[in-house]
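# Breakdown of the fold
Next come the chains, spelled out residue by residue.
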Amino acid sequence: MKIPFNKPHLTGKEVHYIYDAVASGKISGNGKYTKLCQHIFEDHWRFKKTLLTSSCTDALEMTAILMDIKPGDEIIVPSYTFVSTALAYVRQGAKIIFADSRTDHPGIDEDKMEELITPKTKAIVVVHYAGVACNMDKVMEIAEKHKLFVVEDAAQAIDSFYKNKPLGSIGHFGCFSFHETKNLQCGEGGMLVINDERFIKRAEIIWEKGTNRAEFFRGEVNKYSWVDIGSSFLPSDIVAAFLYAQLEHLDDIQNKRKRIWHQYYENLKPLADKGIIKIPQIPNYATNNAHMFYLVLNSIEQRNELIKKLKEKNIHSVFHYLSLHKSPYYIGKYIGKELVMSDHYTDCLLRLPFYYELEEEEINLICDTIKLI
Ligand SMILES: *Cc1c(COP(=O)(O)O)cnc(C)c1O
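Residues numbered from 1 in each chain as written. Predicted model: local features only at pLDDT ≥ 70, side-chain atom pairs only at ≥ 80, totals over all residues. Heavy atoms only, no water.

### A short note on the pattern of salt bridges
In a structure, side chains of opposite charge can pair up when their charged atoms sit close to one another. The cut-off we apply is this: We define a salt bridge as a side-chain nitrogen of Lys or Arg found within 4 Å of a carboxyl oxygen belonging to Asp or Glu. Residue burial is assigned from relative accessible area. The probe radius is 1.4 Å, only protein chains are included, and a residue is buried under 20% of its type maximum, exposed over 50%, and partly exposed in between.
Scanning all chains against the criterion turns up 24 salt bridges. Here E110 makes a salt bridge to R102, at a shortest N to O gap of 2.9 Å. Under the relative-accessibility criterion, E110 is labelled buried at 5%. Between D196 and R198 there is a salt bridge, with the nearest N and O atoms lying 2.6 Å from each other. Judged by relative accessible area, which is 62%, R198 ranks as exposed. Salt bridges sharing partners connect three or more residues here, namely K49, E204, R218 and E220.

### Things to note about the site of the ligand
The condition is simple: A single heavy atom is enough: if one lies within 4 Å of a molecule or strand, its residue is considered near that molecule or strand. Pairs of N or O atoms are called polar contacts if they sit within 3.5 Å, as long as, within protein, a hydrogen donor faces a hydrogen acceptor (for residues adjacent in sequence, only side-chain-to-side-chain pairs). Throughout, the Shrake-Rupley method with a 1.4 Å probe supplies accessible areas, and for residues the shown protein chains are the sole cover considered. Residue classes follow a fixed rule: Ala, Val, Leu, Ile, Met, Phe, Trp, Tyr, Cys and Pro count as nonpolar, while Asp, Glu, Lys and Arg count as charged, and any other residue, Gly among them, counts as polar.
The environment of the ligand is formed by 14 residues, the closest being T57, D153, Q156, S177 and K182. One nitrogen or oxygen atom from the side chain of D153 is found 2.8 Å from a nitrogen atom belonging to the ligand. Between the ligand and the protein, one listed contact pairs an oxygen atom with a side-chain N or O atom of S177 at 2.7 Å. Contact with the protein chains hides 93% of the accessible area of the ligand, taken as 380 Å² for the molecule alone. Here the shell around the ligand is composed, by residue class, of five nonpolar, seven polar and two charged.

### Points about helix α1 (residues 14-24)
At 3.6 residues per turn, the α-helix brings residues three or four places apart onto the same side. We apply this condition: Secondary structure elements follow DSSP: runs of H or I of four or more residues count as helices, runs of E of two or more count as strands, with numbering from the N terminus. By construction, the arc corresponds to the directions joining the helix axis to the C-beta atoms. The contact rule is simple, with two residues in contact once any of their heavy atoms fall within 4.5 Å.
All of the buried residues along α1 are E14, Y17 and A21. Take α1 and look down its axis: the buried residues cluster within an arc of 75 degrees, on one side only. In α1, the exposed positions angled more than 90 degrees off the buried face are occupied by V15, Y19 and A23. Taken together, the buried residues of α1 touch α2 (32-44) and α8 (237-248). Looking at the residues trailing α1, positive phi occurs at G25, about 80 degrees.

### Looking at the nonpolar core
Put simply, the test is: Throughout this description, the term nonpolar core refers to a set of buried Ala, Val, Leu, Ile, Met, Phe, Trp, Tyr and Cys residues connected via side-chain atoms within 4.5 Å. Residue ranges assigned to each domain were obtained from an automatic or database domain assignment.
Ranked by size, the top nonpolar core spans 49 residues in total, and within it F41, M136 and F178 carry the most contacts. Secondary structure elements with two or more residues in this core: α1, α2, β3 (95-99), β4 (121-127), α5 (136-146), β9 (190-194), α8 and α9 (250-273). For this core, the leading source of residues is α8, giving seven residues. Taken domain by domain, the makeup of this core includes at least three residues from each of domain 1 (14-248) and domain 2 (250-370). F41 has contacts with R46, F47, T50, L52, I158, F178, M191, L243 and L247, leaving out every residue within four places of it along the chain. Counting residues in each nonpolar core, the second largest holds 39 residues, with I65, Y89, L192 and I206 among its members.

Laid out in structure tokens, this is it:
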């Protein structure tokens, strides 16, 4: 038995909808399935305005353009995150001010955020790690006090909530990923959520290569022209057709993933109670969308030993992220403080296999192997 880390789940109708898109003769961006998907997102989660993108990275880049980030502007970003969370702003010339993680959760430490703000700060980017909300009341309060934008990197956070508000709907912008490792997936894909009305019109223009093509197709202008900067951020309707099939099965996907998460949790809780490992804690204000199951070990040696033990049983576990402030790209530019918790998660966090088809007996085997440490 071989247990991979991830297996992209197919709900069954992906190819059917792709075929339908192909047969319709229109498969470029902003077509039937793009509109259907955006409609579901806006209807089901009450997002004000959504635009499908080719990736979450694209959605983050769109926020950098929309916030008019210029060289010298400072953006507060957690160091413990995927490269794109920082990269999107670096491309606009921003200086990244890296923030540390919480002791009880890999998300940004909201209590240590305000001290990073300077007159040059433009925005705070938070990551809802593992789909578990940051303390958004606190984040929004600090942002409002200092007149900063808030971007939610909600790449992992589809269908997860903070005090009954869907993640991605609270800051000025929310950015989602439908990469094959996420709960809903279409290989590569993403979405920008625009919560502040002032940005909607410009977002559509930036999305369509700096043209007012969207307005033209709605009949609001009688020709479309080049009016702003932008790029080709929109995905093909083939990709949207795939995503549509996934959206139809949202409840089934989420229920199954939650069952898997709880099997891990119940199985590993006794080990966590003994203090041998740490398992995820969900704060009262947050929901769990079962994006991933991770452990925090006590040392890098213990983690590497466990990876090896799992591998001997053909179980593929993975660690991530490497603190961005220590990355080869940024280390020479970094002048901030030690980020102790970010480095701790870099060394000690381990992600366990997590995908729809994972069977209970496989989870038991994984947990039994972990219990050998
Ligand atoms: C997956 C992920 C991204 C990148 O998403 P893409 O769709 O691959 O661009 C960004 N941020 C976080 C936190 C992620 O987990």
